[in-house]
Amino acid sequence: CHEADYVEGSASNNVQIAGHSYTPHCLKIKKGAIVKIPASSTHPLSTPVKEGQTPQVTESAFQKTFSESGVYSFFCRNHGHADGSGMAGVIWVTE
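Treat the numbers as computed from the prediction; the structure is a model and nothing was measured.

Asks: Sorry if this is basic, but what is going on with the sheet that holds strand E11 (residues 86–94) here?
Replies: What holds strands together in a sheet is hydrogen bonding between their backbones, with the strands either parallel or antiparallel. Strand order in the open sheet formed by six strands is E1-E5-E11-E10-E7-E8, with mixed pairing between adjacent strands. Looking along the sheet, the strands with just one partner apiece sit at the ends: strand E1 (7–8) and strand E8 (57–58). Where strand E7 (residues 45–49) and strand E10 (residues 70–80) come together, three bridges link them in antiparallel fashion. Bridged to Ser-46 within E10 is Phe-75.

Asks: I keep staring at the pairing of strand E5 (residues 26–30) and nothing clicks. Help me out?
Replies: Consecutive side chains along a regular strand alternate between the two faces of the sheet. Pairing geometry for E1 and E5, over two bridges, is parallel. Bridge pairing in E5 places Val-7 opposite Leu-27. Taken together, the five bridges between E5 and E11 define a ladder with parallel strand orientation. Bridged to Lys-30 within E11 is Thr-94.

Calculation rules
Residues numbered from 1 in each chain as written. Predicted model: local features only at pLDDT ≥ 70, side-chain atom pairs only at ≥ 80, totals over all residues. Heavy atoms only, no water. Pairing = 2+ DSSP bridges. Helix = DSSP H or I, 4+ residues; strand = E, 2+ residues; numbered from the N terminus.

Right, here's the structure in full:
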């Protein structure tokens, strides 16, 4: 995501699945904000992690309160890739 691509989030955010993509694809939030991302057997989620961390895979809805700033990537194991292509997204957590 480029800086202009990010959607400004709020204290509580819901990422949605639209076909084979996430909406918003690029989400910018402040520390302490909550993000919910759906998942299923059709769209198993590789959970949001910072670069170098190992994601977990879940078929259940994911929810997290982001307490550390940084850039967190996530993707669908069936339709996306860790490189951000396909069904993937990014959460940018700021101070």
